[in-house]
Amino acid sequence: MSQRRRRRDREGTLLNLQRSSAQETADAIYRDPGLPPDIASLDAQRKTARPVDIGSIWPDRSQPRRAVPMRARRHWDGDPRHLAQLFGGWLAESRRDGAALDLEDLLRQRYWPEGLDDTQDESGESRAWPEEAGPLASALLGLVRLAVNIRQTGLTNPITVARAERAFQLETGERRWLAFHLLQMHFPDENWSHIPAHLVERVDVWRQAGENSARRDLNAIGRARQLAILLMDLLRERGHNFREFDEVLAAGGSERDYYAQVADGQEFRIPRGEGERLLNAMALNSPTQLRQYRALLRLDDERWRDADERNLGEGEIRRLKPPSRSRPAPPQRGLEGNPFTDPANRRRRQRIWGYARRYVVLGDDERLQALEQIDLDRRWLEELRSAIRRRG
């Protein structure tokens, strides 16, 4: 072989390597980082975004990221047609914490007011704002800020939805979807009723995890939820059965009880060969971190809610003191039992009647508890209706 031909072959090899490297770089930039190869290939199959009616999209109630804090979620039944109740309850809870927000005024800003971040108002005026607005108000302000940005520049990153019985099931992009609802409520003339969305065949918890890890860090409780969801998915593939999210709530359990189904590391071990996949999906570095986040599933409900609302880190949560009296664990449904005759449902309805008899003298805490119990009963009735319909 001549020296010129050897040099040409060498240059061709280098060019191919450069092209390959460029393609890998493009993939790393434009696809969700941290996704395993099989999930990345699914992600690449998404078609061009299409406008979808925001009222036809139902949120994923088990989603590990909580765009809406738990205290605000108590005011909402999960129906997209009732989101005005959610924002009204969210504002009321923020006022109880000492933060009175004017959503109309904030949403009309062309720039985010000074005092809420480092960006100056267009007029140069400074708006006084408490440095500690509280976790509920801060979460709502973050959502409003996103809505302001979308109103000014448009939505650059479409959400993902899958077809479901209720038209569409939200896979990723709950905050963007909520921001569109805020804009449509306050600026209906601008027509924010439809949101750009990628349609996928089904909700994929691994793709969901990839976006959660890539877009914005989950707090420690969110990571514990994420781990539980992924682990249940792996174990279901191997024959394990777990109760669904709404089924746990309908039986009188808390949302933590759903994720805590895999809290026992001895009974529910990570399947052989899947540890690396879990670490990659959650953007973690070591198996020790997996064990630490699984340990959070064994928290009592009070510390779980407190840590989630305050966005505490895993180390901070371990230093929280346990409550003086733990809530008893909800009764487990037998495999052959009827979930609709569970004693927990009877007790819950008795509590609701107790609240109803003295509703005029209920305090704030009791009123929130009553709303939560009524919400659980509504879900119980919806589940019963669906079960009866499935039986023909």
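Residues numbered from 1 in each chain as written. Predicted model: local features only at pLDDT ≥ 70, side-chain atom pairs only at ≥ 80, totals over all residues. Heavy atoms only, no water.

Trainee: Talk me through the side chain of R61; I want residue IDs and the actual numbers.
Mentor: Mapped onto the elements, R61 comes out in the loop between β2 (57–58) and α3 (70–73). Of note is the side chain of R61, whose polar atom sits 2.8 Å from the side chain of D246. (Helix = DSSP H or I, 4+ residues; strand = E, 2+ residues; numbered from the N terminus. Polar contact = N/O pair within 3.5 Å; in protein donor to acceptor, adjacent residues only side chain to side chain.)

Trainee: Quick one: what's the story with the confidence of the model for the protein, residue by residue and with numbers?
Mentor: Per-residue pLDDT for the protein has a mean of 76; in total, 72% of the residues score no lower than 70. Here helix α1 (residues 3–30) stands out as the element of the protein with the lowest mean pLDDT, 42, in contrast to helix α7 (residues 174–186), whose mean of 94 is the highest. Overall, residues 11–44 carries pLDDT values under 50, and its contacts beyond four positions in sequence, including any with other chains, amount to 24 contacts. (pLDDT = per-residue confidence, 0-100. Contact = heavy atoms within 4.5 Å.)

Trainee: Which residues make up the pairing of strand β5 (residues 194–200), and what values do they have?
Mentor: Bridge count between strand β1 (residues 50–53) and β5: four bridges; the pairing is antiparallel. Directly across from P51, in β5, lies its bridge partner P196. Pairing analysis gives four bridges linking strand β3 (residues 159–164) to β5, with the strands arranged parallel. The residue of β5 that forms the bridge with A162 is V200. (Pairing = 2+ DSSP bridges.)

Trainee: For the packing of helix α4 (residues 83–96) against α7, give the residues involved together with the corresponding values.
Mentor: One can describe the packing of α4 onto α7 by two numbers: an axis separation of 11 Å at closest approach and a directional angle of 95°. Taken together, the axis directions place α4 and α7 in an arrangement best described as roughly perpendicular. Here L83, A84, L86 and F87 of α4 come into contact with α7, specifically with W177, L178, H181, L182 and M185. Of the residues contributing to the contact of α4 with α7, the split by class is eight nonpolar, one polar and no charged. (Axes fitted to C-alpha atoms, helices over the stretch in contact; angles between N-to-C directions. Parallel < 35°, antiparallel > 145°, perpendicular 65-115°, else oblique. Nonpolar A, V, L, I, M, F, W, Y, C, P; charged D, E, K, R; others polar.)

Trainee: Outline the environment of Q85, supporting the account with residue identities and numerical values.
Mentor: The topology assignment puts Q85 in helix α4. Residue class for Q85 comes out partly exposed when judged on its relative accessible area of 45%. Sequence separation of Q85 and R73 is 12 residues, and the distance between their C-alpha atoms is 9.6 Å. (Buried < 20%, exposed > 50% of the residue type's maximum accessible area, 1.4 Å probe, protein only.)

Trainee: Which residues make up the packing of aromatic side chains, and what values go with them?
Mentor: Going through the model one piece at a time under the given rule, you end up with seven aromatic pairs. Centre to centre, the rings of Y259 and W304 are 6.2 Å apart; their planes meet at 20°, and the pair counts as stacked. Linking Y259 in helix α11 (residues 255–259) with W304 in helix α14 (residues 301–309), this pair joins segments that are 45 residues apart in sequence. What makes W304 buried here is its relative accessible area of 1%. Among the aromatic residues, ring-to-ring pairing joins F245, Y258, Y259 and W304 into one connected group. In this arrangement the basic side chain of R151 is found over the ring face of F187, its NZ or CZ atom lying 3.8 Å from the centre. Its guanidinium or amino end placed over the ring of W206, R277 lies 3.9 Å from that ring's centre, counting from NZ or CZ. (Phe/Tyr/Trp six-rings, centres within 6.5 Å; stacked < 30°, edge-to-face > 60°. Lys NZ or Arg CZ within 6 Å of the ring centre and 35° of its normal.)

Trainee: Account for the nonpolar core, with residues named and values stated.
Mentor: By size, the foremost hydrophobic cluster in this structure holds 41 residues, and its most contacted members are I57, W90 and L178. At the level of secondary structure, the elements contributing two or more residues to this core comprise α4, α5 (103–107), α6 (135–153), β3, β4 (167–172), α7 and β5. Looking at which element gives the most residues to this core, the answer is α6, with 10 residues. Residues V205, F242, L284 and L299 belong to the second largest nonpolar core, which totals 40 residues. (Core = buried A, V, L, I, M, F, W, Y, C linked by side-chain atoms within 4.5 Å.)

Trainee: Give a detailed account of the sheet that holds β2, specifying residues and quantitative values.
Mentor: In spatial order, the strands read β1-β5-β3-β4-β2; together these five strands make up an open sheet with mixed pairing. The open sheet has two edge strands, β1 and β2, and neither has a second partner. Of the pairings in the sheet, the one linking β2 to β4 comprises two bridges and is parallel in character. The residue bridging W58 from the neighbouring strand is Q169, located in β4. The sheet strands contacting α7 are β2, β3, β4 and β5, and the helix crosses β5 at an angle near 150°.

Trainee: An account of unusual backbone geometry is needed here, citing residue identities and associated values.
Mentor: Residue N191 is not a glycine yet carries a positive backbone phi of 60°. The residue N191 is located in the loop between α7 and β5 in this model. Positive phi, close to 55°, is recorded for A283, a residue that is not glycine. Within the element layout of this structure, A283 appears in the loop between α12 (275–282) and α13 (287–295).

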